[in-house]
There are 2 protein chains.
Amino acid sequence: MTTQQTQDYLKAIYELASDHKTVSTTALAEHLFLTPASVTGMLKRLAVQKPALVRYKKHQGVQLTSLGEKMALQILRQHRLLETYLVEALGYSWDEVHEEACRLEHAISEQFENRIDAVLGRPQRDPHGDPIPSSNLEIPMDRSRPLSEFRPPQKAVICRVNGKDPALLRRLDKLGMIPGASITIVDYSELDQVLSIRIGTREPTCSVGSTISRQVLAEELLEPPAGDSQPS
Amino acid sequence: MTTQQTQDYLKAIYELASDHKTVSTTALAEHLFLTPASVTGMLKRLAVQKPALVRYKKHQGVQLTSLGEKMALQILRQHRLLETYLVEALGYSWDEVHEEACRLEHAISEQFENRIDAVLGRPQRDPHGDPIPSSNLEIPMDRSRPLSEFRPPQKAVICRVNGKDPALLRRLDKLGMIPGASITIVDYSELDQVLSIRIGTREPTCSVGSTISRQVLAEELLEPPAGDSQPS
DNA sequence: AAAATAATTTAGTATATACTAAATTATTTA
DNA sequence: TAAATAATTTAGTATATACTAAATTATTTT
Ligand SMILES: [Mn+2]
Ligand SMILES: [Mn+2]
Ligand SMILES: [Mn+2]
Ligand SMILES: [Mn+2]
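To start, this report covers the structure provided alongside it. (Residues numbered from 1 in each chain as written. Chains lettered and ligands numbered in written order. Predicted model: local features only at pLDDT ≥ 70, side-chain atom pairs only at ≥ 80, totals over all residues. Heavy atoms only, no water.)

1. Considerations on the protein's contact with DNA strand D
Phase 1: Residues in contact with DNA strand D amount to 20 residues; listed here are only the nearest, Thr26, Lys44 and Tyr56 of chain A together with Thr3 and Ser38 of chain B.
Phase 2: A breakdown of the atoms of DNA strand D within 4 Å of the protein gives sugar and phosphate a share of 82%.
Phase 3: Between DNA strand D and Thr40 of chain A there is a distance of 2.8 Å, counted from a phosphate oxygen to a side-chain nitrogen or oxygen.
Phase 4: Separating a phosphate oxygen of DNA strand D from a side-chain N or O atom of Lys44 of chain A is a distance of 2.3 Å.
Phase 5: Elements with a minimum of two residues in the surface near DNA strand D: α2 (25-32) and α3 (36-48) of chain A together with α1 (4-16) and α3 (36-48) of chain B.
Phase 6: Across the surface near DNA strand D, the residue classes break down as seven nonpolar, ten polar and three charged. (Near = heavy atom within 4 Å. Polar contact = N/O pair within 3.5 Å; in protein donor to acceptor, adjacent residues only side chain to side chain. Helix = DSSP H or I, 4+ residues; strand = E, 2+ residues; numbered from the N terminus. Nonpolar A, V, L, I, M, F, W, Y, C, P; charged D, E, K, R; others polar.)

2. Observations regarding empty space enclosed by the protein
Vacant regions in the atomic arrangement are exposed by a probe of water-molecule size rolled over the atoms.
Phase 1: Scanning all chains against the criterion turns up one cavity of 30 Å³ or more.
Phase 2: The volume enclosed by the largest cavity comes to roughly 30 Å³.
Phase 3: If you go around the largest cavity, the residues you meet are Tyr85, Leu90 and Phe112 of chain A together with Leu82, Tyr85, Leu104 and Phe112 of chain B.
Phase 4: Secondary-structure elements contributing two or more residues to the lining of the largest cavity are α4 (66-90) of chain A together with α4 (66-90) of chain B.
Phase 5: Broken down by class, the residue content of the lining of the largest cavity amounts to seven nonpolar, no polar and no charged. (1 Å grid on protein atoms, 1.4 Å probe; cavity = no way out; pocket = protein on both sides within 12 Å on 5 of 7 lines; lining within 4 Å. Points joined across faces, edges and corners; volume = space filled by probe spheres on them.)

3. Thoughts on the interface of chain A and chain B
Phase 1: Each side of the interface is counted separately: chain A has 17 residues, and chain B has 17 residues.
Phase 2: Carbon and sulfur atoms make up 53% of the area that chain A and chain B hide from each other, which totals about 1,500 Å².
Phase 3: Our count for the contact surface shared by chain A and chain B stands at zero salt bridges.
Phase 4: Between the two partners, chain A and chain B, sit 13 residue pairs in polar contact (both at pLDDT 80 or more).
Phase 5: Listed by contribution, the elements that provide at least two residues to the side of chain A that touches chain B are α4, α5 (97-104) and α6 (110-120) of chain A.
Phase 6: In terms of residue count, α6 of chain A provides more of the side of chain A that touches chain B than any other element does, five residues in total. (Contact = heavy atoms within 4.5 Å. Buried area = accessible area lost by both parts, 1.4 Å probe. Salt bridge = Lys/Arg side-chain N within 4 Å of Asp/Glu carboxyl O.)

4. Concerning the coordination of the manganese ion (ligand 4)
Residue and element names in this part refer to chain B.
Phase 1: Coordination sphere of the manganese ion (ligand 4), protein contribution only: Glu83 (OE), Asp126 (OD) and His128 (ND1), at 2.1 to 2.3 Å.
Phase 2: Read in sequence order, the donor residues coordinating the manganese ion (ligand 4) give the pattern E-x42-D-x1-H. You'll find Asp126 and His128 in the same group, each marked buried. (Donors = N, O, S within 2.8 Å, 3.2 Å for Na, K, Ca; no water. Buried < 20%, exposed > 50% of the residue type's maximum accessible area, 1.4 Å probe, protein only.)

5. Section: helix α7 (residues 166-175) of chain B
All names here are of chain B.
Phase 1: For α7, the full list of buried residues reads Leu168, Leu169, Leu172 and Leu175. What you see down the axis of α7 is that its buried residues fit within an arc of 125 degrees, all on one side.
Phase 2: Elements in contact with the buried residues of α7: β4 (155-161), β6 (194-199), β7 (206-208), α8 (210-213) and β8 (216-221).
Phase 3: Looking at the residues trailing α7, positive phi occurs at Gly176, about 90 degrees. (Arc of directions from axis to C-beta.)

6. Some remarks on the sheet that holds β4 of chain B
Residue and element names in this part refer to chain B.
Phase 1: Reading across the sheet, the six strands line up as β3-β8-β4-β5-β6-β7 and stay open at both edges, with antiparallel pairing between neighbours. In the strand order of this sheet, the two ends are held by β3 (145-146) and β7, each with one partner.
Phase 2: Taken together, the three bridges between β6 and β7 define a ladder with antiparallel strand orientation. Bridge pairing in β7 places Ser196 opposite Ser207.
Phase 3: Sheet contacts for α7: β4, β6, β7 and β8; angle to β7, the most-contacted strand, approximately 155 degrees. (Pairing = 2+ DSSP bridges. Axes fitted to C-alpha atoms, helices over the stretch in contact; angles between N-to-C directions.)

Below you can see the structure in the form of structure tokens.
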């Protein structure tokens, strides 16, 4: 049987390994709120078991094997479906779902997964805009970038929010910086990296430091060179 | 923190101790599919921890302390609310819910409990007719008896079904022997303890052995001595 | 009540997972 | 490149929980 710990480790490795980069012991330890020593121990176990879930060589970080990645995607699917269900069906707010989903994801059956997927109408994104792996574990990659890389006068659409800190999420919700929102970068201060952003057509604009702007991902909206038709 | 094991032990002790009788090591072991030796070990731990969850003396079985009973009722509430939710909101059948609920009950938060309780309209009974402890952990006791104790020509209303064996539950469902059904005992065979029962006004009657009749609880329906008004 | 049987406990072991402190290896700085 | 710093691993320990085999205690039969 695959334990809760195993599942959370695999998920964490997947999340930290953008593309297929190697993940360091320390990064994992921080993400999971464990000591590096504990992580080393666990990684060895994951690497040694048959079939192996990770590739691990001392001092060189870990990677998921393809089985490990499958399992990570499966649990990620469960996590994100659950988050979506909690919001859509049970009235949770988006800052309350992470913890609950992180416990439930280890307890639900395939049947449960299928039922909530069906009730929700096979959603593609969770409340934070993160893509939900399909039932055959395919996951669409978008070309979003952190808001911190945008500069005036770019326009963009917010597409997802990293990080699960409830305070951050509540703040973003209050500002209206939620997935789907259209924004315009109106100013940037080099000195303190504060971005001034117009959300929709709202006034006044709001200002966010890099702590926030690094956590919010957006896709650039290219201004049509001429004409006034709606962009598709 | 109180672990999943602790919660399942407490629930099992509660369920096996009808009234407040003492529960034997062996009975617990059977109920939990563990060896008696393992149970002894766990009971010692539960008895010794501060505050104690059970009272335990060698060779004399266990009882819940009042804290242990509170915790058992809390987890029982979660179990039964979940079972109800799975049936009502997610389309499970009553033979599919036990296992799922027995995993989920350890993973949900108070918030989750409150939400499903609200969505369901504060149900009093789970799909098997078992009473759901209220949020302040009060549980109504009914005066139902096993069907095996009934004799012709008694009439009764089925009020709950013990046991979680899916095969039994599917059988009962097919027969129409579900909580709420009115029945009449039409025959009893001393030799093999088979009861013939009319369910509602259905024909033909059905016959059940003691394996089934011991698991089905019913409340006797006293025939009004005269008149044809509806009994309240 | 002795013998037989059943129930229960003890002793010793195993696994998964976490921790701390110390040792080692890798990377950066001077 | 040597020293300083950072990252990682090793070694040793702890906890919760389960198991098996053997020992003990309780109950039932003769
Ligand atoms: Mn988790
Ligand atoms: Mn999410
Ligand atoms: Mn359970
Ligand atoms: Mn039930």
